[in-house]
Amino acid sequence: MTTSSRGTTRVPAVLVLEDGRIFRGRAYGAVGETFGEAVFSTGMTGYQETLTDPSYHRQVVVMTAPHVGNTGVNDEDPESRRIWVAGYVVRDPARVPSNWRSRRSLDEELAAQGVVGISGIDTRALTRHLRERGAMRVGIFSGDAVRDEAALLARVKEAPEMVGADLAAEVATKEAYVVPAIGDKKFTVAAVDLGIKGMTPHRMAERGIEVHVLPATATVEDVYAVRPDGVFFSNGPGDPATADHPVSVMRGVLERGTPLFGICFGNQILGRALGFGTYKLKYGHRGINQPVQDRTTGKVEVTAHNHGFAVDAPTDQVSDTPFGRAEVSHVCLNDNVVEGLQLLDKPAFSVQYHPEAAAGPHDAAYLFDRFVSLMEGQRA
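One numbering rule holds for all chains: residues counted from 1, following each sequence as written. Side-chain atom pairs in this predicted model are given and counted only at pLDDT of 80 or more, local residue features only at pLDDT of at least 70, and totals for whole chains, interfaces and linings cover all residues. Calculation of side-chain values draws on the structure's entire complement of heavy atoms; hydrogens and water are dropped beforehand.

## Thoughts on the overall build of the protein
Then comes step 1: Strands are runs of DSSP state E lasting at least two residues, helices are runs of H or I lasting at least four, and both sets are numbered from the N terminus onward. Secondary structure assignment for the protein yields 10 helices and 21 strands.
Then comes step 2: Computation of the radius of gyration draws on C-alpha atoms alone. For the globule rule, the value is 2.2 Å times the number of residues to the power 0.38. The globule rule puts the C-alpha radius of gyration for 380 residues at 21 Å, and the 21 Å found for the protein is close to it.
Then comes step 3: Here the C-alpha coordinates of the protein stretch approximately 65 × 40 × 35 Å along the principal axes.
Then comes step 4: Between buried and exposed lies partly exposed: a residue is buried under 20% and exposed over 50% of the maximum accessible area for its type, with that area taken using a 1.4 Å probe on protein chains only. Per-residue burial over the protein gives 59% buried out of 380 residues.
Then comes step 5: Contacts: residue pairs with any heavy atoms within 4.5 Å of one another. Taking contacts inside the protein between residues at least 6 apart in sequence as the whole, the part at least 24 apart equals 75%.
Then comes step 6: Per-residue and other accessible areas were derived by the Shrake-Rupley procedure at a 1.4 Å probe size, with only the shown protein chains allowed to occlude residues. Looking at the protein as shown, the accessible area adds up to about 15,300 Å², and 46% of this sits on carbon and sulfur atoms.

## Digging into the nonpolar core
Then comes step 1: In plain words, nonpolar cores are sets of buried Ala, Val, Leu, Ile, Met, Phe, Trp, Tyr and Cys residues tied together by side-chain atoms within 4.5 Å. Membership of the largest hydrophobic core comes to 36 residues, with the highest contact counts inside it found for Leu194, Phe233, Met250, Leu254 and Leu274.
Then comes step 2: Listing elements by their share of this core, those giving two or more residues are β12 (187–192), α7 (220–225), β14 (230–233), α8 (244–256), α9 (265–273), β19 (324–332) and β20 (338–343).
Then comes step 3: No other element matches α8, which puts 5 residues into this core.
Then comes step 4: Beyond its immediate sequence surroundings of up to four residues, Met250 is in contact with Phe233, Leu260, Gly266, Ile269, Leu270 and Ala273.

## Some remarks on the pairing of strand β16 (residues 277–294)
Then comes step 1: For β16 and strand β17 (residues 300–312), the ladder comprises 11 bridges, and the chain directions are antiparallel. Each residue of the ladder has a partner; that of Thr278, found in β17, is Val311.
Then comes step 2: For two strands to count as paired, DSSP must find a minimum of two bridges between them. In this structure, the hairpin formed by β16 and β17 is closed by a connection of 5 residues, where Gly298 is found at a positive phi of approximately 85°.
Then comes step 3: Sheet analysis places β16 next to β19, joined by 3 bridges and oriented antiparallel. Bridge pairing in β19 links Val292 to Cys332.

## Let's talk about the environment of Leu126
Then comes step 1: Following the sequence through the fold, Leu126 ends up in helix α3 (residues 123–133).
Then comes step 2: Residue classification places Leu126 among the buried positions, given a relative accessible area of 1%.
Then comes step 3: Taking the C-alpha atoms as reference points, Leu126 and Val62, separated by 64 residues in sequence, lie 8.1 Å from one another.
Then comes step 4: Sequence-distant contacts of Leu126, that is, excluding residues within four places in its chain, are made with Leu15, Leu17, Phe23, Val62, Val89 and Ile121.

## Details of the pattern of salt bridges
Side chains carrying opposite charge are able to pair once their charged atoms draw close together.
Then comes step 1: The term salt bridge refers to a pairing of a side-chain nitrogen on Lys or Arg with a carboxyl oxygen on Asp or Glu at a separation within 4 Å. A complete count under the given rule lists 19 salt bridges for this structure.
Then comes step 2: Between Arg379 and Asp229 there is a salt bridge, and its shortest N-O distance comes to 3.3 Å. Of this pair, Arg379 sits in helix α10 (residues 366–379) while Asp229 sits in the loop between α7 and β14, placing them 150 residues apart in sequence.
Then comes step 3: Judged by its relative accessible area of 51%, Arg379 falls in the exposed class.
Then comes step 4: Overall, Asp229 belongs to the partly exposed group, its relative accessible area being 25%.
Then comes step 5: In this structure, Asp294 and Arg370 form a salt bridge, with 3.1 Å as the shortest nitrogen-oxygen distance. Residue Asp294 is located in strand β16, and its partner Arg370 is located in helix α10; the two are separated by 76 residues in the primary sequence.

## Here we look at the packing of aromatic side chains
Think of a pair of aromatic rings as described by two things: how far the centres are apart, and how the planes are tilted against each other in angle.
Then comes step 1: A pair of aromatic rings is counted whenever rings of Phe, Tyr or Trp (Trp by its six-membered ring) have centres within 6.5 Å, and the orientation is called stacked for planes under 30 degrees apart, edge-to-face for over 60 and tilted otherwise. This structure, assessed with the given rule, holds 6 aromatic pairs.
Then comes step 2: Ring centres 5.5 Å apart and planes at 75° place the aromatic pair Phe232 and Phe261 in the edge-to-face group. One end of the pair, Phe232, is in strand β14; the other, Phe261, is in strand β15 (residues 260–263), and 29 residues separate them in sequence. The same class applies to Phe232 and to Phe261, which are both buried.
Then comes step 3: By the ring-pair criterion, three or more aromatic residues cluster together here, those being Phe232, Phe261, Phe349, Phe368 and Phe371.

In structure tokens form, the structure reads like this:
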């Protein structure tokens, strides 16, 4: 990706999909060129949390909400140390942000962090195209990067695909760190960072958990060096089929019978650890309005998602695995995709979505309480 950050209001930009479809608009954020996988997010709020979610690494995010940037950018809501999206696509960016916490405009923040974007295009048409054809490689070009369209398309087709991408270690912490419990400490959790969002350890800390966040390269020995009451595997980017190391670590945790909780990428890791396969969804689930049913209670939750891969496990039966019986605990009501797994003979479960609820909704916060209950049961 190459960028500059001069004023972008009238700079022409072009978005080129790998199947040859082209959208023309104006530069938004940094000027230059960028490549990634084109995906769409259906959330109407929470753009700052979306941008800073490490799970979006190497993806160009199309916002389906037409107005973006209305509340500007603050210093409290980022979910990680930087913006991770490879590019950003909006229809009608705010001209003047208005919010009491705003420190700068979204356009200024994107430019400062070198994120190439495009505005003024028909994002509804682009989203419909991606729903029909599937997520695909894309390039955004603005300013001097706009050249012959055939040459731009060739550049897009040279970009790496998401299938086979091993990305977790690129976004995870390099050094372990601790998030202390809020109030009295009740438990210690080892959290394997595959692209963790900042709100996740905070939600655990609110429940009296001291969270030791470990790099994606952590070994089983590293996990147990912190003497954990439970182990957590986070969200993250890339193809779960490449995640052999986290799968090996998780199997070591399952063998010891330590309470285990995984979300998003962690759900896919649990699926692989149990012997299930994974596959790429046509266009994935992204946004904060995805309906999921908890099959253990029958309750329907509105949930926050960001995944392009899913676990291939039977939803109509209990499965035998190397670690005992397992079942699908949650399903997406839009397409019946597996959204959660649980073991029946060991204290382990996972979901395919974001219970930390940044930027919302909060329907799934009970999952952290379920994790606490597993640790309480194990201690008893």
